Amino acid sequence: MIASLDAPSAEAIGALLGQTARPAIDAPAFRKRVSRAYARLRLLLGGSDGE
């Protein structure tokens, strides 16, 4: 499922899971990227996006 995300989102989730290195961005940008990646995953899995 992660492979179906765009590259920055997949990279963020991979880093969160310890599978890849964390991208060279500051902490707030990383948290925002992870948040957006989770939202995309929820949509792909048929869940609510919180709206």
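Values in this document were obtained by computation on a predicted structure and should not be read as measured data.

Chemist: Honestly, the nonpolar core in this entry has me stumped. Any pointers?
Modeler: Counting residues in hydrophobic clusters, the biggest one holds five residues: Leu 5, Ala 10, Ile 13, Ala 37 and Leu 41. Among the elements of the structure, helix H1 (7-16) and helix H2 (27-44) are those that each provide at least two residues to this core. Excluding residues within four positions of it along the chain, Ile 13 makes contact with Ile 2, Leu 5, Ala 37, Tyr 38 and Leu 41.

Chemist: Looking at this model, I keep getting lost on the pattern of salt bridges. Mind explaining?
Modeler: Between side chains of opposite charge, a pair can form when the charged atoms approach closely. By the definition in use, this model includes two salt bridges. Note that Arg 40 and Asp 6 form a salt bridge whose closest N and O atoms lie 3.4 Å from each other. Within this pair, whereas Arg 40 is found in helix H2, its partner Asp 6 is found in the segment before H1, the two being separated by 34 residues in sequence. What makes Arg 40 partly exposed here is its relative accessible area of 36%. For Glu 11, the salt bridge identified is with Arg 33, shortest N-O distance 3.6 Å. Residue Glu 11 is located in helix H1, and its partner Arg 33 is located in helix H2; the two are separated by 22 residues in the primary sequence. Residue class for Arg 33 comes out partly exposed when judged on its relative accessible area of 25%.

Chemist: I'm lost on the side chain of Ser 9 in this one. Help?
Modeler: Position of Ser 9 relative to the elements: it lies in helix H1. Take Ser 9: its relative accessible area is 1%, and that puts it in the buried class. Reaching out from Ser 9, the side chain makes a polar contact with the side chain of Asp 6 at a distance of 2.9 Å. Not counting chain neighbours up to four residues away, the residues in contact with Ser 9 comprise Ala 37 and Arg 40.

Chemist: Is there a simple way to explain H2 in this structure?
Modeler: Given a rise of 1.5 Å per residue, 18 residues ought to cover 26 Å, and the 26 Å separating the end C-alpha atoms of H2 matches this to within 8%. Along H2, the positions that sit buried rather than exposed are Phe 30, Val 34, Ala 37 and Leu 41. In an axial view of H2, the angular spread of the buried residues amounts to 65°, which keeps them on one side of the axis. Exposed residues lying more than 90 degrees from the buried face of H2 are Arg 31 and Leu 43.

Rules behind the numbers
Residues numbered from 1 in each chain as written. Predicted model: local features only at pLDDT ≥ 70, side-chain atom pairs only at ≥ 80, totals over all residues. Heavy atoms only, no water. Core = buried A, V, L, I, M, F, W, Y, C linked by side-chain atoms within 4.5 Å. Buried < 20%, exposed > 50% of the residue type's maximum accessible area, 1.4 Å probe, protein only. Helix = DSSP H or I, 4+ residues; strand = E, 2+ residues; numbered from the N terminus. Contact = heavy atoms within 4.5 Å. Salt bridge = Lys/Arg side-chain N within 4 Å of Asp/Glu carboxyl O. Polar contact = N/O pair within 3.5 Å; in protein donor to acceptor, adjacent residues only side chain to side chain. Expected span 1.5 Å × (residues − 1). Arc of directions from axis to C-beta.

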